[in-house]
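The chain contents come next:
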2 protein chains.
Amino acid sequence: MSNTIVNEMKIVKAESSKIQDVDFDNIDFGRVFTDHMFSCDFKDGKWQTPEITPYQPLTIDPSARVFHYGQAVFEGMKAFKDDKDAVWLFRPEDNFNRINISAKRLAMPEFPKEYFFNGLETLLKLDKEWVKKGDGNALYIRPFIIASEPAISASPAEEYKFMIICSPVKAYYKDKIKVVIAEKYSRSADGGVGFAKAAGNYAAQFYPTKLVQETGFHQVIWTDANTHEYLEEAGTMNIFFRINDKLVTAPTSDRILDGITRKSIIQIAKDNNIEVDIRPVTVKEIKEAAKDGSLKEIFGSGTAAVVSPISAFKHGEEVFDVVEPENTYHGMFKRQLMDIQYNIAEDKHGWRYKI
Amino acid sequence: MSNTIVNEMKIVKAESSKIQDVDFDNIDFGRVFTDHMFSCDFKDGKWQTPEITPYQPLTIDPSARVFHYGQAVFEGMKAFKDDKDAVWLFRPEDNFNRINISAKRLAMPEFPKEYFFNGLETLLKLDKEWVKKGDGNALYIRPFIIASEPAISASPAEEYKFMIICSPVKAYYKDKIKVVIAEKYSRSADGGVGFAKAAGNYAAQFYPTKLVQETGFHQVIWTDANTHEYLEEAGTMNIFFRINDKLVTAPTSDRILDGITRKSIIQIAKDNNIEVDIRPVTVKEIKEAAKDGSLKEIFGSGTAAVVSPISAFKHGEEVFDVVEPENTYHGMFKRQLMDIQYNIAEDKHGWRYKI
Ligand SMILES: Cc1ncc(COP(=O)(O)O)c(C=O)c1O
Ligand SMILES: Cc1ncc(COP(=O)(O)O)c(C=O)c1O
């Protein structure tokens, strides 16, 4: 292994690549990782020298607080390769800002910007062969921070580990998805951590999601925990409704993740002169719109799922099919979004970031 | 190292004990661990052969779901040593049942009872020197389950690790504690995971707790997330109020942990002919009771903290001191509870469990 220090970063390269063992055409989301990983420890009140090493298991004490108190936050972003083999990120500053918003809410130290971008770029350059060309192909990038201090008192840790691992992916949901609107379980409360990408938010959704999957549906659409009358978001996607020609989505709040795909779609809609209504959305109005035919589309948006149409939703015992028009907004948004991401279309808003 | 298989359990003993390096009189909560640990992996749809090994770091993939989605639950229990060197647990069946209630809510497999008790007993016999005699001394026992499967898709893992680690402790809070009643932040929602010992519930409290600690208080008393009008529980304790001679505490719900100390205190109160009112408790009535002098005590109950009196509470800008009578309920409850735990008093309800 070669061992170099670049820009205050220690780099240990993998002796050989695992890439030839990977069947890129048949790849499950998030199971295969690239040759390298980035990590940086927080200790003695500061972030230490970052490292890139071969992808490998961690050695961590069983008393590390992440195991007991879920003090962990993460991000999800993607790198795309264009026709000329250039690699692009999409709005990475927003992911950087958001991981620190999440970290703050969980009483974790914020990660420095130079370390984040320097680590990310160096890692992606090393592993650029893992970013595959082609529509839907991407390298999913997972920055995360965990509380590593070996002590189980119920208080914020003094030691953390920031890491970036990367996994080649294809599209997340292969089929149209069918959802159930939450009436009993809830995802987050006012004053809680719903707006953060806090690890515990996700495990909390697994059981209610499993229950709906047992009945042939795919995901839960979360509603407000108080009344279950307002539609909020899905497990890993924000939600949009098209009512006639208007696009409607819930405002962000301390219960809802401020999705980067969501805000990009809102901008793309505006760029296409589509009216966007950002306001609380009731279950009642969506059911009525489904009944009177004014509900034209429902779709989710997220980095992993990109833009995912929802073909049916269930509320109580009623199931509503969403009958889409021929030309869908979600189809157009997805195409325009991906054309920006893959460096095919003009980048009017400065969203692309070249590696 | 000797390496034996006992009752379908693999046991690797530590070559030497670390116990002589420990200053038992000056010990921070949860920083020092005993010589051994218990672990058992879930794989291929079932729990594998359990192991006891020397306490040591884990080797775990950075993509393990516990790091990303907080799929982790835990328990907290204590072992006590009596005058004749016998070691006792307190209501361990309740901890066993509760970890499986928590596991179920987080879509994790339940742990088998024989494995739990066999592991616990074998571990405590090996490390019994670590259970120290004396009022307040105990061995804190931390069973926990983490999602270890190396794959970052946002769904329940297929692989888990159940572990028990043990840490010698003294009393948790050394002083009387001052609390702030939550008005903005919240701990859990209806339909959420507040009733479970889910890892993520704890990290979510760190930041609001840090904020109150910066103003000279110690803990937050959580209120219902909707109205902040009802008093629920503290970060790791249930909460009791004494109004004149009556004991009042909130009912358990899907937002509140069903504390084992809480229900033991309710029983002890009844055994002492003290009236116990289990009903929603409003912030308003407690403030009024503080003003008119009918509020005699507030205290928290929990395995780590045992019974901890609260000397003052803050709501908005108002601070209320709790002026206790000479003979407190909490003093009596703590004495009677500990006398049962340390095998000093009669065990009327069959709460003790001999190792
Ligand atoms: C809860 C939740 N909502 C929405 C999203 C979509 O956010 P983004 O578009 O930034 O990926 C995600 C995933 O990142 C999420 O975890
Ligand atoms: C949130 C919460 N409430 C209450 C308690 C007290 O429960 P127990 O008495 O079973 O320790 C704990 C700690 O275990 C807890 O974590």
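These numbers were taken from a predicted model, which means no experiment stands behind them.

All names here are of chain A. According to the domain assignment, chain A consists of domain 1 (3–169) and domain 2 (177–341). Its C-alpha centre places domain 1 at a distance of 28 Å from the equivalent point of domain 2. Contacts between the two partners involve 23 residues from domain 1 and, on the opposite side, 23 residues from domain 2. Taking both sides of the interface into account, the surface hidden between domain 1 and domain 2 amounts to around 1,800 Å²; carbon and sulfur atoms contribute 63%. On inspection of domain 1 and its partner domain 2, the count reaches 2 salt bridges. Taking the shortest distance from any N to any O, the salt bridge between Lys 263 and Asp 94 comes out at 3.7 Å. For the interface between domain 1 and domain 2, the tally reads 10 residue pairs in polar contact (both at pLDDT 80 or more). Those elements that place two or more of their residues in the side of domain 1 that touches domain 2 are strand 7 (72–74), strand 8 (77–81), strand 9 (87–90) and helix 2 (92–105). It is helix 2 that provides the largest number of residues to the side of domain 1 that touches domain 2, a total of 6 residues. Of the residues in the side of domain 1 that touches domain 2, the class split is 11 nonpolar, 5 polar and 7 charged.

Residues and elements named next belong to chain B. Look at Ala 107: it is not a glycine, yet its phi comes out positive at around 60°. Tracing the chain through its elements places Ala 107 in the loop between helix 2 (92–105) and helix 3 (113–126). With phi around 60°, Val 306 is a residue other than glycine that occupies positive phi space. The residue Val 306 is located in strand 20 (residues 306–315) in this model. A relative accessible area of 13% places Val 306 in the buried class.

Moving on, we come to the pairing of strand 9 (residues 87–90) of chain B. Every regular strand shows the same layout, with side chains that alternate between the two sheet faces. Residue and element names in this part refer to chain B. Residue alternation in strand 9 divides its side chains into two sets, Val 87 and Leu 89 and Trp 88 and Phe 90, and both sets are buried. Where strand 8 (residues 77–81) lies against strand 9, 3 bridges are found, and the strand directions are antiparallel. Looking at strand 9, one finds that Phe 80 is bridged to Trp 88. A loop of 5 residues connects strand 8 with strand 9, the two strands running antiparallel in sequence, and Asp 85 in this loop sits at a positive phi of about 70°. Sheet topology note: the strand 9/strand 22 (residues 352–354) ladder contains 3 bridges and is antiparallel. Within strand 22, the position partnered with Trp 88 by the bridge is Lys 354.

Further remarks concern the pairing of strand 14 (residues 230–234) of chain B. Residues and elements named next belong to chain B. In terms of burial, strand 14 is largely enclosed, as 4 of its 5 residues are buried. As paired elements, strand 13 (residues 219–223) and strand 14 share 2 bridges and run antiparallel to each other. Each residue of the ladder has a partner; that of Thr 223, found in strand 14, is Leu 231. In this antiparallel pair of consecutive strands, strand 13 and strand 14, the connection spans 6 residues, and His 228 shows a positive phi of 55°. Note that strand 14 and strand 18 (residues 281–282) share 2 bridges and pair antiparallel. Note on strand 18: the bridge partner recorded for Tyr 230 is Thr 282.

Here the focus is the nonpolar core. Burial of nonpolar side chains together is a common tendency in soluble globular proteins. If you look at the biggest cluster of nonpolar residues, it comprises 196 residues, and the most contacted ones within it are Phe 67, Phe 162 and Leu 247 of chain A together with Phe 67, Phe 162 and Leu 247 of chain B. Residue contacts for Phe 162 of chain A: discarding those within four places in its chain leaves Phe 38, Ser 39, Cys 40, Trp 47, Ile 99, Phe 111, Phe 116, Pro 143, Phe 144 and Ile 145 of chain A.

What counts, and where the lines are drawn
- Residues numbered from 1 in each chain as written.
- Chains lettered and ligands numbered in written order.
- Predicted model: local features only at pLDDT ≥ 70, side-chain atom pairs only at ≥ 80, totals over all residues.
- Heavy atoms only, no water.
- Domains from an automatic or database assignment.
- Contact = heavy atoms within 4.5 Å.
- Buried area = accessible area lost by both parts, 1.4 Å probe.
- Salt bridge = Lys/Arg side-chain N within 4 Å of Asp/Glu carboxyl O.
- Polar contact = N/O pair within 3.5 Å; in protein donor to acceptor, adjacent residues only side chain to side chain.
- Helix = DSSP H or I, 4+ residues; strand = E, 2+ residues; numbered from the N terminus.
- Nonpolar A, V, L, I, M, F, W, Y, C, P; charged D, E, K, R; others polar.
- Buried < 20%, exposed > 50% of the residue type's maximum accessible area, 1.4 Å probe, protein only.
- Pairing = 2+ DSSP bridges.
- Core = buried A, V, L, I, M, F, W, Y, C linked by side-chain atoms within 4.5 Å.

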